[in-house]
Amino acid sequence: MNTDLLIVGGGPAGLNAAYKAASNGLKTTVIDRWFTLGGQLNQQTQFYNNLPQHFENQRGYQLANYLIDRLRKLDVKILENHKMIGAYNNGSIGVTDGKSTFQVQAANVIMTTGAMEEPDIFPGWTLPGVMTAGAAQILINRERVLPGKRALILGSNNFALEVARQLNDCGVAVKGIVESRNELLSQNDELLCEVDIPVLLDSAIERAIGKGEVEKVYVNTDGIESVYDVDLICIAKGMTPIFEPFEIMSCDLTYQEKLGGWLPKYDSRFETTSPSVYIAGNAAGITNIGGILLTGEIAAASILEKSNAANSLKIEEEKKYLWGELYRIESAENPSALDARLDVIRNFHHETGIQLPVYLDSVFGGLTNG
Amino acid sequence: MHLTNHPVLGKDDRKTIQFYFNNKLLNAKEGQTIAAAIMANGIKKMGVSRKLQQSRGLFCGVGRCYSCFVTVDGLEHVLSCSTLVEEGMEVYSNLSDPDVRRGENEY
Amino acid sequence: MDKSTIVCRCEEINIDEIESAINLGARTFNDIKRLTRCGMGPCQAKCCMNLVRQIISDKTGQPLHEIRPPRMRVPLGVTRMGALAGSQASSVTSVFGESTEEGETVHEEKL
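What counts as what
- Residues numbered from 1 in each chain as written.
- Chains lettered and ligands numbered in written order.
- Predicted model: local features only at pLDDT ≥ 70, side-chain atom pairs only at ≥ 80, totals over all residues.
- Heavy atoms only, no water.
- Domains from an automatic or database assignment.
- Contact = heavy atoms within 4.5 Å.
- Buried area = accessible area lost by both parts, 1.4 Å probe.
- Salt bridge = Lys/Arg side-chain N within 4 Å of Asp/Glu carboxyl O.
- Polar contact = N/O pair within 3.5 Å; in protein donor to acceptor, adjacent residues only side chain to side chain.
- Helix = DSSP H or I, 4+ residues; strand = E, 2+ residues; numbered from the N terminus.
- Nonpolar A, V, L, I, M, F, W, Y, C, P; charged D, E, K, R; others polar.
- Buried < 20%, exposed > 50% of the residue type's maximum accessible area, 1.4 Å probe, protein only.
- Axes fitted to C-alpha atoms, helices over the stretch in contact; angles between N-to-C directions.
- Parallel < 35°, antiparallel > 145°, perpendicular 65-115°, else oblique.
- Left-handed = near helix turned anticlockwise from the far one by under 90°.

As annotated in an unreviewed UniProt entry, chain C is BFD-like [2Fe-2S] binding domain-containing protein from Lentibacillus halodurans.

In the nomenclature of an unreviewed UniProt entry, chain A is known as Sarcosine oxidase subunit alpha of Lentibacillus halodurans.

Encoded structure:
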């Protein structure tokens, strides 16, 4: 199979990139290993009030539906239940639908592989009833299933608090948010207003026990042990970019703690060290929904620019706007991740000796010259 | 337990279908994954681990941890978190490695 | 923490086994894989990747940015042999059999 642009991953980054590319005339193919498009956005019920200006603020699942519907109106090949399983020496990508495997030869690839939740371990963490916060969120918001009756949340980042609140609102008794530090990681603690969710600081789960599933959890708070009769533990330790498809595509990796760990190197066009292989979304560093959408769009715009598929002055103006939005949203919501992202890009340009585009001076500031 | 009335999404009006888990007839909603359908019936354990035979269930929910393997209509090691439940489906716990010497044309 | 706590969910390798491998000289995740099978089950180290890196760092003092993840290999994700080999002989391209240059005999997956 041949295509101008192959997008691996039909989450928000991939969908937005596909729309940008296809609406400017690129023959675009989207593959997703899941049975629906939308990725992890499908079960986000929270309201996003800081989306890029060209989007209307809305809830996550509504945004997923919007991105999917908008794309389906275009002439785009969409292959759900198709997963990338490898690469060939000729640069094409091996895709399987579970029954057979075929090659996709694409002039350009944007890989929006997303992120994975990090586990945190304690004796008994492999028991049924212990799951990632994301899995619990999928159960309540997508599957409409209560994962348990009484829960503990391990971790206190934004996502931990969001899921704690959502579980509470669905009728799960959240018995505590267990955090090893002496303060919550999230500044968004208004999520815990008006609900009875205890915060257990300086605390760790010592062990979880139960016959075939979690029944009892021992929590140590500053040396004092308490027992919780819970049947659900949600682990929310943070996320890390999914990079293995990039490794298969021979992309060089770099390490940035603030972006979630190891991730592919990329330049200001979101092109990796493998020519014509682009990256966007959480795979390019853990960010917020605005960053996910915008990086996808910048990657697609960069391919359009290269392919001469659109007026180059217009594309440059658009990229300037997109970068401005990326800077605005990430500097407001996650400035340390933005700094790390700019570092990744700056290092890439430094290593290759290619100048950063002049129109990005305002984003990269005086630092680009320093 | 099925969440029939979601605080944001409202009522669940999906069709109810039936499937078997370890020979027991259970209800599910059309469009649910096998893992969710099993858990909606109050069951968390999907199988056991290979070496220590410890209980395993849904962990990551997104098809990456492979803790939720089940056997579906005779096909072993199916990811229950990423496979949709179907009417009349026969699902069994994952209790051992596949028998590789079984007839190759069985499926 | 209790050293018998599982780190690798698939192969059921605990903290003690990983630390023992480090005591035997393992310094990278790949070393630990070879000595213990940690990260070699169906999930292919997706879950234990950073847990093991942290244990190596704690035990050896190497900073996390110097400890690389294990080598990722094709096929990405559990894939049935039939899907790779091609059960429908006419329409299927195998990842192992295609794109080999003329005269080349090695299989061409990129490792």
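Having seen the structure, we can now continue with the description.
J.: Looking at this model, I keep getting lost on the domain arrangement of chain A. Mind explaining?
T.: A common measure of how large an interface is: the accessible area buried when the components associate. Residues and elements named next belong to chain A. When cut into domains, chain A gives domain 1 (2–116 + 239–364) and domain 2 (120–236). The centre of domain 1, based on its C-alpha atoms, is set 32 Å off from the matching centre of domain 2. Each partner contributes residues to the interface: domain 1 has six residues there, and domain 2 has seven residues. Of the roughly 640 Å² buried between domain 1 and domain 2 on both sides combined, carbon and sulfur atoms contribute 45%. The largest share of the area that domain 1 buries against domain 2 comes from Gln43, Thr45 and Gln46, three residues that together contribute 62% of it. The tally of links between domain 1 and domain 2 comes to zero salt bridges.

J.: Just to check I follow, could you spell out the interface of chain C and chain A for this structure?
T.: Taken together, the contact pairs 42 residues of chain C with 34 residues of chain A. Between chain C and chain A, a total of about 3300 Å² is buried, with carbon and sulfur atoms accounting for 61% of that surface. Viewed at the interface, chain A and chain C are joined by one salt bridge. With a closest N to O distance of 3.8 Å, Arg71 of chain C and Glu247 of chain A form a salt bridge. Run the count over chain C and chain A and you get six residue pairs in polar contact (both at pLDDT 80 or more). Broken down by element, the residue count for the side of chain C that touches chain A peaks at four residues, all from helix H3 (residues 49–60) of chain C. Per-class residue counts for the side of chain C that touches chain A are 20 nonpolar, eleven polar and eleven charged.

J.: Hey, could you run me through the side chain of Thr132 of chain A in this one?
T.: Mapping Thr132 of chain A onto the fold places it in strand E10 (residues 130–132). Exposure remark for Thr132 of chain A: the relative accessible area of 2% places this residue in the buried category. If sequence neighbours within four positions are ignored, Thr132 of chain A has contacts with Glu117 and Ile235 of chain A together with Phe59 and Cys60 of chain B.

J.: Is there a simple way to think about the packing of helix H1 (residues 15–23) of chain C against helix H2 (residues 29–36) of chain C in this case?
T.: When two helices pack together, their arrangement is given by the angle between the helix axes and by the axis-to-axis distance. Residues and elements named next belong to chain C. Remark: H1 packs on H2, axes separated minimally by 10 Å, with the N-to-C direction vectors making an angle of 110°. The angle between H1 and H2 places the two elements in the roughly perpendicular class. The element H1 and its partner H2 pack so that their crossing is right-handed. Side by side, H1 and H2 meet where Glu17, Ile18, Ala21 and Ile22 of the first sit next to Ile32, Leu35 and Thr36 of the second.

J.: What should I look at first to understand the interface of chain C and chain B in this one?
T.: With 14 residues of chain C at the contact, the number on the chain B side is 17 residues. Summing the contributions of chain C and of chain B, the shared interface buries around 1300 Å²; its carbon and sulfur component is 47%. Considering only the surface of chain C that becomes buried against chain B, Arg9, Glu12 and Arg80 of chain C emerge as the three largest contributors, covering 50% of it. Linking chain C to chain B there are two salt bridges. A salt bridge links Arg50 of chain B to Glu11 of chain C; the shortest N-O distance between them is 3.3 Å. Taken together, the links from chain C to chain B amount to ten residue pairs in polar contact (both at pLDDT 80 or more). Here the residues of the side of chain C that touches chain B sort into seven nonpolar, one polar and six charged.

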